[in-house]
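Fold and geometry: a report
What follows is each chain in one-letter form.
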Amino acid sequence: MIEPVDDRTWLVRRTPESSPEAIIDRFGGGYRLRRFSLTESRRTQHGVYTGLDLAETAWWRLQDRPRGR
């Protein structure tokens with residue numbers, strides 16, 4: 001699920017009660033997807049997408065991918 005923080009930032013959560021897993025923010029003409037961390041320098045970047053829903057879908061696909069590949 002996507003939860004708006006402000007007009008340029010959204011959090012990706014598994015459920016409304018769970019901790020944020022990713023952060024999506026408006027970046028140029030797209031939406032930047034990063035792993036959530038309270039520390040800005042630890043927010044791993046995972047690309048820029050043309051839509052908010054595409055960025056969220058990309059996050060869940062990254063989570064479904066087998067580790068080590």
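In this text the structure is predicted, and so the values were computed from the model without any measurement.

What follows deals with the sheet that holds strand S4 (residues 30-35). Sheets are built from strands paired through backbone hydrogen bonds, the pairs being either parallel or antiparallel. Taken in spatial order, the five strands make up an open sheet running S1-S2-S3-S4-S5, and their pairing is antiparallel. Edge positions in the open sheet fall to strand S1 (2-6) and strand S5 (45-49), since each of these has one partner strand only. Geometrically, the sheet is characterised by an average inter-axis angle of 25 degrees between neighbouring strands, direction not taken into account. Of the strand pairs in this sheet, strand S2 (residues 9-12) and strand S3 (residues 22-27) are connected by four bridges, and their pairing is antiparallel. Looking across to S3, one finds that Trp10 is bridged to Ile24.

What follows concerns the pattern of salt bridges. Per the counting criterion, the structure on display carries six salt bridges. Notably, a salt bridge pairs Arg34 with Glu40, separated by 2.6 Å at the nearest N-O pair. A salt bridge links Glu40 to Arg43, with the shortest nitrogen-to-oxygen separation between them at 3.1 Å. Linked through salt bridges whose partners overlap, the residues forming this network are Asp25, Arg32, Arg34, Glu40 and Arg43.

This next bit is on the nonpolar core. Grouped burial of nonpolar side chains is what soluble globular proteins tend to show. The biggest cluster of nonpolar side chains holds eleven residues, and these are Trp10, Val12, Ala22, Ile24, Tyr31, Leu33, Ala55, Ala58, Trp59, Trp60 and Leu62. Contributions of two or more residues to this core are made by S2, S3, S4 and helix H1 (52-64). Considering each element in turn, this core owes the most residues, five residues, to H1. Not counting residues up to four positions away in its chain, the partners in contact with Leu33 are Ala22, Ile23, Ile24, Thr44, Gln45, His46, Gly47, Tyr49, Ala55, Ala58, Trp59 and Leu62.

Conventions adopted
Residues numbered from 1 in each chain as written. Predicted model: local features only at pLDDT ≥ 70, side-chain atom pairs only at ≥ 80, totals over all residues. Heavy atoms only, no water. Pairing = 2+ DSSP bridges. Helix = DSSP H or I, 4+ residues; strand = E, 2+ residues; numbered from the N terminus. Axes fitted to C-alpha atoms, helices over the stretch in contact; angles between N-to-C directions. Salt bridge = Lys/Arg side-chain N within 4 Å of Asp/Glu carboxyl O. Core = buried A, V, L, I, M, F, W, Y, C linked by side-chain atoms within 4.5 Å. Buried < 20%, exposed > 50% of the residue type's maximum accessible area, 1.4 Å probe, protein only. Contact = heavy atoms within 4.5 Å.

Geometric values such as these leave the question of function open.
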